[in-house]
Amino acid sequence: MATDTLKSTPGASGAGGLRRILLDNGALTALIVLVVAMSALSGDFLTADNLLNIGVQAAVTAILAFGVTFVIVSAGIDLSVGSVAALSATVLAWMATSEGVPVWIAVILAVVTGLACGFVNGVLISYGKLPPFIATLAMLSIARGLSLVISQGSPIPFPESVSHLGDTLGGWLPVPVLVMVVLGLITALVLGRTYIGRSMYAIGGNEEAARLSGLKVKKQKLAIYALSGLFAAAAGIVLASRLSSAQPQAAQGYELDAIAAVVIGGASLAGGVGKASGTLIGALILAVLRNGLNLLSVSAFWQQVVIGVVIALAVLLDTVRRKAGATPAAASPAGGGNRGRQAVTYLLAAVVAAAVVAAMSFLHNGSDAAARQKVGLSLSTLNNPFFVQIRQGAEQEAEKLGVDLTVTDAQNDASQQANQLQNFTSSGLSTIVVNPVDSDAAGPSVRSANKADIPVVAVDRGVNKAEIDALVASDNVEGGRMAARALGEKLGGEGTIVILQGQAGTSASRERGQGFAEGLKEFPGIEVVAKQPADFDRTKGLDVMTNLLQAHPGIEGVFAENDEMALGAAKALGSRAGKDVQVVGFDGTPDGLKAVEAGTLYASVAQQPTELGRIAVRNALDAAEGKDLKDLVKVPVKVVTKENVGSFGG
Amino acid sequence: MSDTDELLRIEGVRKAFPGVVALDGVDFDLRRGEVHVLLGENGAGKSTLIKTLSGAHRPDEGRILVDGREVTIGSAQDAEKLGIATIYQEFNLVPDLTVAENIFLGRQPRRFGMIDRRRMEAEAAELLGRVGVPVPPRARVRELGIARLQMVEIAKALSLDARVLIMDEPTAVLTSEEVEKLFSIVRRLREDGVGVVFITHHLEEIAALGDRVTVIRDGRSVGQVPASAPEDELVRLMVGRSIEQQYPRERAEAGEPLLRVEGLTRDGVFHDVSFEVRAGEVVGIAGLVGAGRTEVVRAVFGADPYDAGTVTVAGGKLRRHDVNAALDAGIGLIPEDRKGQGLVLDASVAENLGLVTLRSSTKAGLVDRKGQRRAAGRVAEQLGVRMAGLDQQVRTLSGGNQQKVVIGKWLLADTRVLILDEPTRGIDVGAKVEIYQLINELTAAGAAVLMVSSDLPEVLGMSDRVLVMAQGRIAGELPAEEATQDAVMALAVSTQSTNTAGDEAGDEEGKAPRGH
């Protein structure tokens, strides 16, 4: 506990005390090093607004991590917190909107949902004797699945009154930061002062000794996992209210961020060690890093590398420090040894600082021409050739027009995108291009860009409940219809087909599916025998198609909602692809077009992503100069088959 | 290094850790074909010394010579190359591999790149034969009792062609019969010219086995004497003062029965165990390892279940398999495995002392940490725990002081019936006496003490009555006046007449008759 730290340094004052605290806490040193490095590198970093942004961006991870701290201190692990957060938020939104339950009851139900998930984890671990890793891994899947079931895969808008949780208090204090601080204090209180908190340390340190000392280990564990579920529910509500919508796919992978935050904060996965303050620092380190890397326009790919390196260095710093200095509190200073070790700690801190600074200035593509216009492009993902092509188009256009372009990758996570947009807004760009992960969820952050008078152009997907200057998009619904027509005509109006769906809950999947269903009405002879999601992913497309072929060996057609899945399906079909079975994809990616040319895919509904990127950047700059734009700029889609593939050229 | 028989010489070795000087000038030498005993209290530096020989620590100063040549031992591999093998108290064996695989771990004989199992097992069998123990090379190590594990470790050392064998308290966990067997193996090794460094706390073993003794105190070698030196002198060298009386039992007036156990049975483990302990009384439970002593006291405490019988404390019957019921009735258990079951090693002295009283000092969910700390400070002082402060990690205390912390947490809880399981195992003479004094104080204050111990002189010296267990049953009860080593041993092996007393005793399979 923080108070222990203070107690153990009585009389230490001023610089000496500060040095002690830094030496005692590697993570804090790392955070300070990072903040200093970022401030030196970016003028936009050390502003009140930006620091509050960092607070907001750290909030969800921190709240999740507080819950996970309880579990890790007691030598367990909780992998389910991200999914449980999403489930709780979904329950809240669903109860309050679809079921018309009063909001306060819905909030209670959401919290109860989190508690219940944690409780089930606890029962499985305490009484079912499952290893925590397995029990919570199962819950990770169950909770995620349930939130998809409840929401039927689509985001549910959040009730207005709860959305205030994402706002600010008194015009400046963001509510998520407030919630984080309050829950942090509660965590510190629980860990330091309560029976259950002290039991966590004993159980984590030596479970058998705790049991033989009369601690009710099983019941305590139950309570510990329930607490973790409770905090996950709180995090889910905060996350969803920031985005004004409950997303069934929200907070994916957050459990790993939370665990990283706890471990960076000095906790040991072996149990018995950990503090609330450390966890908060860990979450802040992650947030500062992401924020700073955005501000410095470090390439999206390198950001992940840098984050990984910093996680490793932060924990390394702590381990080295502990090994060197923390042995027996007894320590009647043994001559020069102590000073030597302090020197090592400082040296290591200096090396970390130097490495961070050097890496940043190396990766950060010069801000020499301050006069040049700056454009920010926030992409939903770079994990898919389609979006990589959008980026290429945008980069080409930016170079041609002589403007600076910063590209960020939200990794299909709406809340990460909110953070990145917020960083764009606070670093004073002249205009922003956004490719939303989710149209509803992008609303609040685009609204704050509106407030700052920064023009926003959306590309590929629209933004709801906010002003955008233009939407540059291909028509997905129309594309779906065109795919249905192409496949229907090829099959001569009858036969059985299967559909490979994209990631549940994404608008691309919904719209293409909807368009395809509408288009198929013209072909009553065609029967859809199966519809299964393969998450826009080639490997999953291969697996799902292989499974479907077991159940439906006689199918004649496949519609995949993107080319990647279509290519996976073609692989599964082997030599049947293009002969007995016609596969239609979507997007017209280079690989897809090659397959069309080779005949394994019958057709692909081609978008022109490079065009999308180009046009979006041009429109954004026009908007920045105050020109009037069309609300909707449609970039045509076209069915590409073997006959016309030449004119598209990979 | 004129002496051609000399295998190993250590001169002026110093090793400091942050805040502690563990070794401060140690001299030691070892000749071919001798058993050189290393004697010292816990925390005197014996472990550090053998770790510098096995490559785990590097000395800050001083020289190590092997065969007259100065060497640096930087790793376990270096030690291996020099022919130095170490058998630690905690064995370095992989439980789920076979005996043969463990012996040749990392050096398995290979053929065409694959492990040659047949050759490996044949060679293992030969080595085990040299040690003189019929352990099948294919047995899984998990299935072996502790004595046999030790034999496997010795076979492993032989497989390395060790010329120097270091044994860290090898007898601490063995029954007297197993100890005899170990001694004959060590004597055979000595005849083969192996030099043995032998660490023990049992003074009587020194005369039986050793040739020379080097005594270490506070990180210094304070004297070298022949093994025939009288015990008093050894103790004086070790402790730095003479100890008046090794077992200072002061009998208190026995009062009402506090703990009554009737017909306690767990199928296949212990049967129909009945006894009572009165207020002010110390009852010892003696017996061979594996006789079911630990199992009985754990069941009494509620840590393990039982199938039949009752446990009554001061007239109230306890719920089966419920630690908290036992606790509320005033029973406390000092478990056999101090580090594994008694302590949270990475927590502080204060936190460990407060473990049992955590619940009672909680009001409205909040723990009164100031009160807990005050109480911990009080009891630590009462017990004379030698520590830097209440915040010191328990891991860094010596064995004796760790045990005082385990006892202390029960004192704070006003325990009326204290069960001690091997209370002084691995604890030096000085600290032992302090713990015996504590037992005196407890019984004088009207508490009842039940003590399990494999250290027979301790049982005889401290108990008012001795229960002897054999094969899961109470074989007999002896009042202190009649309890002699012979009488106890006669009972301990009494019902086992059909079996050869099991060196396999740690396991249930030890009950199956097996001759060798």
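The rules behind the values
Residues numbered from 1 in each chain as written. Chains lettered and ligands numbered in written order. Predicted model: local features only at pLDDT ≥ 70, side-chain atom pairs only at ≥ 80, totals over all residues. Helix = DSSP H or I, 4+ residues; strand = E, 2+ residues; numbered from the N terminus. Rg over C-alpha atoms; globule rule 2.2 N^0.38 Å. Buried ≥ 20, exposed ≤ 12 C-beta atoms within 10 Å, placed from the backbone. Pairing = 2+ DSSP bridges. Axes fitted to C-alpha atoms, helices over the stretch in contact; angles between N-to-C directions. Domains from an automatic or database assignment. Contact = placed C-beta atoms within 7 Å. Nonpolar A, V, L, I, M, F, W, Y, C, P; charged D, E, K, R; others polar. Arc of directions from axis to C-beta. Parallel < 35°, antiparallel > 145°, perpendicular 65-115°, else oblique. Left-handed = near helix turned anticlockwise from the far one by under 90°. Core = buried A, V, L, I, M, F, W, Y, C linked by C-beta atoms within 7 Å. Expected span 1.5 Å × (residues − 1). pLDDT = per-residue confidence, 0-100.

1. Let's talk about the overall build of chain B
Regarding its fold elements, chain B presents 17 helices and 24 strands. Rg of the C-alpha trace for chain B: 24 Å, near the compact-globule value of 24 Å for 516 residues, within the 12% margin. Burial status across chain B gives 49% buried among its 516 residues.

2. A closer look at the overall build of chain A
Broken down by element type, chain A carries 25 helices and 16 strands. Split into buried and exposed, the 650 residues of chain A put 57% on the buried side.

3. Description of the sheet that holds strand 5 (residues 374-379) of chain A
Residues and elements named next belong to chain A. Pairing within the open sheet is parallel, and its six strands lie in the order 6-5-7-8-9-15. Looking at which strands have only one partner, the edges of the open sheet turn out to be strand 6 (404-409) and strand 15 (632-634). Strand-to-strand twist of the sheet, defined as the mean angle between neighbouring strand axes without regard to direction, takes the value 20°. Of the pairings in the sheet, the one linking strand 5 to strand 7 (residues 431-434) comprises four bridges and is parallel in character. Bridging from a neighbouring strand, Leu377 pairs with Val433 of strand 7.

4. Structural notes on the domain arrangement of chain B
Residues and elements named next belong to chain B. Along its sequence, chain B is organised into domain 1 (6-239), domain 2 (252-330 + 416-516) and domain 3 (340-414). Inter-centroid distance (C-alpha atoms) of domain 2 to domain 3 is 26 Å. If you look at the interface, domain 2 gives ten residues, while domain 3 gives eight residues. Here the side of domain 2 that touches domain 3 gets four residues from one element, more than from any other, and that element is helix 15 (residues 429-444). Split into classes, the residues belonging to the side of domain 2 that touches domain 3 amount to six nonpolar, two polar and two charged.

5. Quick word on the domain arrangement of chain A
All names here are of chain A. One can read the domain layout of chain A as domain 1 (2-7 + 21-324 + 337-360), domain 2 (374-474 + 610-635) and domain 3 (476-606). For domain 1 versus domain 2, the separation of C-alpha centres amounts to 30 Å. Across the boundary between the two partners, domain 1 contributes 23 residues, which contact 21 residues of domain 2. Of all the secondary structure elements, the ones that give two or more residues to the side of domain 1 that touches domain 2 are helix 4 (48-73), helix 12 (217-243) and helix 14 (276-295). In terms of residue count, helix 4 provides more of the side of domain 1 that touches domain 2 than any other element does, five residues in total.

6. Thoughts on helix 8 (residues 231-239) of chain B
All names here are of chain B. The set of residues buried in helix 8 consists of Leu234, Leu237 and Met238. Take helix 8 and look down its axis: the buried residues cluster within an arc of 95°, on one side only. Of the surrounding secondary structure, the elements contacted by the buried residues of helix 8 are strand 3 (35-39), helix 7 (203-209), strand 11 (212-217), strand 12 (220-226) and helix 15. Directly after helix 8, the chain includes Gly240, whose backbone phi takes a positive value near 85°.

7. Regarding the packing of helix 5 (residues 81-96) of chain A against helix 12 of chain A
Residues and elements named next belong to chain A. Put simply, helix 5 and helix 12 touch, their axes get as near as 7 Å, and they point 60° apart. Viewed along their axes, helix 5 and helix 12 adopt a mutual orientation that is oblique. Note that helix 5 runs across helix 12; the crossing there is right-handed. Contact residues: Val81, Val84, Ala85, Ala86, Ser88, Ala89, Leu92 and Ala93 in helix 5; Ser228, Gly229, Ala232, Ala233, Ala235, Gly236, Ile237, Leu239 and Ala240 in helix 12. Among the residues making up the contact of helix 5 with helix 12, the classes are represented as 13 nonpolar, four polar and no charged.

8. Describing the interface of chain A and chain B
Counting from both sides, the interface comprises 28 residues of chain A and, opposite them, 36 residues of chain B. Listing elements by their share of the side of chain A that touches chain B, those giving two or more residues are helix 10 (195-205) and helix 11 (207-212) of chain A. Here the side of chain A that touches chain B is built from residues that sort into twelve nonpolar, eleven polar and five charged.

9. A closer look at the environment of B:Ala207
Here B:Ala207 shows up in helix 7. Remark: the alpha-carbon pair of B:Ala207 and B:Leu412, spanning 205 residues in sequence, is separated by 42 Å.

10. Here we look at the sheet that holds strand 9 (residues 164-168) of chain B
Residue and element names in this part refer to chain B. With respect to topology, six strands assemble into an open sheet ordered 6-9-10-3-11-12, the strand pairing being mixed. Where the open sheet ends on each side, the last strands, each with one partner, are strand 6 (84-87) and strand 12. Each strand of the sheet is rotated relative to its neighbour by a mean of 20°, with strand direction disregarded. As defined by bridge partners, strand 3 adjoins strand 11 across four bridges and the pair is classed as parallel. Bridging across to strand 11, Leu39 finds its partner in Val215. The sheet strands contacting helix 6 (residues 176-191) are strand 3, strand 9 and strand 10 (195-199), and the helix crosses strand 10 at an angle near 150°. Running over the sheet, helix 8 touches strand 3, strand 11 and strand 12 and is turned about 30° from strand 11.

11. Comments concerning the nonpolar core
Membership of the largest hydrophobic core comes to 254 residues, with the highest contact counts inside it found for A:Ile63, A:Leu64, A:Ala85, A:Leu92 and A:Ile285. Here this core gets 17 residues from one element, more than from any other, and that element is helix 12 of chain A. In contact with A:Ile63, not counting residues within four places along its chain, are A:Val179, A:Met180, A:Leu183, A:Phe231, A:Ala234, A:Ala235 and A:Val238. Core analysis: the second largest hydrophobic core is formed by 68 residues, B:Val35, B:Val99, B:Val152 and B:Leu189 among them.

12. A short note on helix 3 (residues 26-41) of chain A
Helix length check: helix 3 of chain A (16 residues) gives 23 Å between terminal C-alpha atoms against 22 Å at 1.5 Å per residue, within 8%. Every buried residue belonging to helix 3 of chain A is among A:Gly26, A:Ala27, A:Leu28, A:Thr29, A:Ala30, A:Leu31, A:Val33, A:Leu34, A:Ala37 and A:Met38, and all of these are buried.

13. Some details on the packing of helix 10 of chain A against helix 12 of chain A
All names here are of chain A. In contact at an axis separation of 10 Å, helix 10 and helix 12 are set at 110° when each is read in the N-to-C sense. Considering the angle they form, helix 10 stands roughly perpendicular to helix 12. In the packing of helix 10 onto helix 12, the handedness of the crossing is left-handed. Two secondary-structure elements touch here, helix 10 through Ile196, Ser199, Met200 and Ile203 and helix 12 through Val217, Gln220, Ala223 and Ile224. Residue classes in the contact of helix 10 with helix 12 are distributed as six nonpolar, two polar and no charged.

14. Here we look at the pairing of strand 15 (residues 282-287) of chain B
Along a regular strand, successive side chains alternate from one face of the sheet to the other. Residues and elements named next belong to chain B. Most of strand 15 sits inside the fold, with six of its six residues counted as buried. Here strand 15 shows no split at all, with Val282, Gly284 and Ala286 on one side and Val283, Ile285 and Gly287 on the other all buried. Examined bridge by bridge, strand 15 and strand 22 (residues 448-452) share four bridges and lie parallel to one another. Residue pairing in the sheet places Val283 in a bridge with Leu450 of strand 22.

15. A word on the confidence of the model for chain A
All names here are of chain A. In the predicted model, chain A carries a mean pLDDT of 85, and 88% of its residues have values of at least 70. A low-confidence stretch, residues 1-13 (pLDDT under 50), is modelled with 14 contacts involving residues beyond four sequence positions or located in other chains. Within the model, the stretch residues 366-370 combines pLDDT values under 50 with zero contacts to residues more than four positions away or in other chains.

16. Overview of the pairing of strand 23 (residues 465-470) of chain B
All names here are of chain B. For strand 23, the tally of buried residues reaches six of six residues, placing the bulk of the element in the interior. Where burial is concerned, the two faces of strand 23 agree: the one with Arg465, Leu467 and Met469 and the one with Val466, Val468 and Ala470 are both buried. Pairing analysis gives five bridges linking strand 15 to strand 23, with the strands arranged parallel. By the bridge assignment, Ala286 is partnered in strand 23 with Val468. Here strand 23 runs beside strand 24 (residues 473-479); their pairing, made up of six bridges, is antiparallel. Its bridge partner being in strand 24, Met469 is matched across the sheet by Ile474. Linking strand 23 to strand 24, which pair antiparallel, is a turn of two residues; within it Gln471 sits at a positive phi near 50°.

17. Quick notes on the confidence of the model for chain B
Confidence in the prediction of chain B, expressed as mean pLDDT, is 86, and 93% of residues score 70 or more. At the level of chain-chain contacts, confidence expressed as ipTM amounts to 0.72, with global pTM at 0.75.

18. A word on the environment of B:Phe28
Residue and element names in this part refer to chain B. Along the polypeptide, Phe28 turns up in strand 2 (residues 20-31). By the C-beta count within 10 Å, which is 19 here, Phe28 ends up partly exposed. Each C-alpha atom of the pair Phe28 and Gln245 lies 30 Å from the other, and the pair is 217 residues apart in sequence. Setting aside chain neighbours within four positions, we find Phe28 in contact with Ile10, Thr214 and Ser221.

19. Some thoughts on the environment of B:Pro226
Within the element layout of this structure, B:Pro226 appears in strand 12. Residues B:Pro226 and B:Pro423, 197 residues apart in the sequence, show an inter-C-alpha distance of 30 Å.

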